[in-house]
Amino acid sequence: MSAFIRPRTYTPRDATFYQQRPAAIIEAAEETEAPAYPCAHLLLEPSTPLLIKASGSVVFVKHCLTAATPYALRDKSWPTTATAVIESARADARSVFWEQCAEQAREAFEHAATQQRRTTTAAARLRVDRLAAIQAALGFTTQDLAAVLGLSRPQLYRWLDAADDVRMQDAKRQRLAAVERVAKAWQDRSPAPLRSVAHEPLANGSTLFALLSSDAIDEAALRAAFDELTAKLQAQPKTLSQRLADAGFKRRPSIRSLPSDE
Amino acid sequence: MTITALGTWRQPPLVYVVAELVISPYYSLAGKVPGLQDRLRSSFPRTLEAKELVVDGAKPSAQPLWQLMSADQRLGVQLGTRAISLHATSYLQSSDFLSRWAEVLDAIQQAELGAFVERAGLRYVDLIVPSGGKGPGDYLVDNLKGIVPDGAQCTGSMWAAAFQFDGSIVNLRAGAPSPQGMLLPPDFNALPLAKPAVMLEAEARLKASQPIGFVDTDCLREIGRVFEANELLDHYTAMQKLTSKTFKSALSATAREEWM
């Protein structure tokens, strides 16, 4: 027996049917600790939004049809343009059917959670976290970041994929550590991403990007370049918004910054 | 590809780092070792077998130990029935060490040991090799220096304290100067790893009857759960910060100026 619910194309007349026992499926999904993948939004004709949460090989579909919220599960291999729903059943068999669905959902989510645990290793997660911290300080494009780390673009994509268990060679490991130190050294000097000054010419005619992407990372030269550029930035005349901020003017808080319950 | 690495510190005094998981006795570990060895072979190709004497109650028993070493013998994993640990005498920075430890944790996870983790530990040993006529005590803050009676010369001084943080305890021990002839802290079981330059320098000073010192920073956290690699890595990331904070708080201005 398959661990997955067989998907069927949805038709609006099934709406009432869905609203009868959605809690059973929700419960099944919530009881398991399946870590959710990033959400994707699909459009169902006529433009009804679908929120898709994938867990392993199973996709959890939250479909806002009416005031009530029906749920369904679908196999990930199903084309994303199609709506996936639970197979309809005869009215007299519906109660049994929902229980079966709930059980199948529970199994599917447990399976997905196991798969997820297997694929995201601690080392991969740490690697992605380290890259994210570097990228926050540098703000480079994928191509530039790959050049700085001494990787090809496809290699960097693999490094950025927490599900990919990349085995790092010693040279790459050292390079990553060096770039991490450089990123931190920059962050200690400026909150702006390094990208903003990466291509500014230095006194010796080079640029930060050239120093960073060279075969041998000379950290002493980079730190000296950081000092040179930050001094140059400080010597520049201030912009109007900087002068206003220095004078004590503050930005009016935007609607987005309000707490969600207000 | 060569890298002119400065490290995060200019002259780091660090000589030895251990990350250790104390597990509930796991007598069938021998059956899991082949799988672990295969998973770790690319980083730790050399294997040494040893025995440890475990005194549980009145009757001591010998339990097997496996030590998996890196080719340059600067990193080693020790697998025992009561503890699993990663030892290092080379250290780029904390994130790199943690990523190596994460690889070991993943190998344990994939081997499906299902071990019950009692405690997690992270220990750093730093050696004080004084330069230019300074004494080991000059590298510690004044509060840790102890006393020297009039007319006496201090030939060994030990200071220890335990600090409770949220969920962790950090034990800090400082020997400045270390008791005569003592290179590493007492009760410290090191793996036969390659000695780093600072340790060789300290040994040479000991041979010449010159004083050295050590700072031993040991962070412990009670876990009390079945092994889960991702969860443990989070604990270690937090413990590393506490260890670093505690160690730095013991350093004098001289130490900061010379090492950092």
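Structure shown above.
Reading the values: the criteria
- Residues numbered from 1 in each chain as written.
- Chains lettered and ligands numbered in written order.
- Predicted model: local features only at pLDDT ≥ 70, side-chain atom pairs only at ≥ 80, totals over all residues.
- Heavy atoms only, no water.
- Helix = DSSP H or I, 4+ residues; strand = E, 2+ residues; numbered from the N terminus.
- Buried < 20%, exposed > 50% of the residue type's maximum accessible area, 1.4 Å probe, protein only.
- Contact = heavy atoms within 4.5 Å.
- Core = buried A, V, L, I, M, F, W, Y, C linked by side-chain atoms within 4.5 Å.
- Buried area = accessible area lost by both parts, 1.4 Å probe.
- Salt bridge = Lys/Arg side-chain N within 4 Å of Asp/Glu carboxyl O.
- Polar contact = N/O pair within 3.5 Å; in protein donor to acceptor, adjacent residues only side chain to side chain.
- Nonpolar A, V, L, I, M, F, W, Y, C, P; charged D, E, K, R; others polar.
- Pairing = 2+ DSSP bridges.
- Axes fitted to C-alpha atoms, helices over the stretch in contact; angles between N-to-C directions.
- Phe/Tyr/Trp six-rings, centres within 6.5 Å; stacked < 30°, edge-to-face > 60°.

Enquirer: Report on the environment of B:Gly80, specifying residues and quantitative values.
Expert: Residue and element names in this part refer to chain B. Considering the arrangement of structural elements, one finds Gly80 in strand β4 (residues 75-80). Judged by relative accessible area, which is 0%, Gly80 ranks as buried. Once the C-alpha coordinates of Gly80 and Glu52 are considered, the two residues, 28 residues apart in sequence, prove to be 8.4 Å apart. Look past the residues within four positions of Gly80 in its chain and what remains in contact with it is Ile23, Leu29, Pro64 and Leu65.

Enquirer: Describe the nonpolar core, naming the residues involved and giving the relevant values.
Expert: The biggest cluster of nonpolar side chains holds 47 residues, and the ones touching the most others in it are B:Leu21, B:Leu79, B:Leu113 and B:Tyr236. Top contributing element to this core by residue count: helix α2 (residues 94-110) of chain B, with 8 residues. Setting aside anything within four residues of it in sequence, one finds B:Tyr236 in contact with B:Ala19, B:Glu20, B:Leu21, B:Leu98, B:Trp101, B:Ala120, B:Gly121 and B:Leu122. Counting 34 residues, the second largest nonpolar core, distinct from the first, contains A:Leu145, A:Val179, A:Ala183 and A:Ile217.

Enquirer: How would you explain the interface of chain A and chain B if you had to name every residue and give the values?
Expert: With 27 residues of chain A in contact, the opposing surface of chain B contributes 28 residues. Where chain A abuts chain B, roughly 2,300 Å² becomes buried across the two surfaces, and 50% of that area is made up of carbon and sulfur atoms. Linking B:Glu103 and A:Arg173 is a salt bridge whose minimum nitrogen-to-oxygen distance equals 3.0 Å. For the pair chain A and chain B, the number of links is 15 residue pairs in polar contact (both at pLDDT 80 or more). For the side of chain A that touches chain B, the secondary-structure elements that each account for two or more residues are α3 (94-119), α4 (122-138), α7 (170-189) and α9 (219-235) of chain A. Ranked by residue count, the leading element in the side of chain A that touches chain B is α7(A), at 8 residues. Along the lines of polarity and charge, the residues of the side of chain A that touches chain B split into 9 nonpolar, 3 polar and 15 charged.

Enquirer: Hey, could you go over the sheet that holds strand β2 (residues 46-56) of chain B for me, with residue numbers and the actual values?
Expert: Residue and element names in this part refer to chain B. Strand order in the open sheet formed by 9 strands is β2-β3-β4-β5-β1-β6-β9-β8-β7, with antiparallel pairing between adjacent strands. Each edge of the sheet is formed by a strand with only one pairing partner; in this case those strands are β2 and β7 (158-165). The average undirected angle you get between the axes of adjacent strands in this sheet is 15°. Summarising the sheet, strand β8 (residues 168-175) and strand β9 (residues 213-226) pair through 7 bridges and their orientation is antiparallel. Bridge pairing links Ala174 to Val215 in β9. Contacts from α2 reach β1 (14-23), β4, β5 (83-88) and β6 (116-128), with the element oriented near 150° to β5.

Enquirer: Residues and numbers for the packing of aromatic side chains, please.
Expert: Residues and elements named next belong to chain B. The final tally for this structure, using the stated rule, is 8 aromatic pairs over all chains. Look at Trp101 and Tyr236: their rings are 5.5 Å apart centre to centre, the planes differ by 80°, and that puts the pair in the edge-to-face class. One end of the pair, Trp101, is in helix α2; the other, Tyr236, is in helix α4 (residues 229-249), and 135 residues separate them in sequence. As far as the burial class goes, Trp101 and Tyr236 line up, both buried. Ring pairs connect the aromatic residues Tyr91, Phe97 and Tyr124, which therefore count as one cluster.

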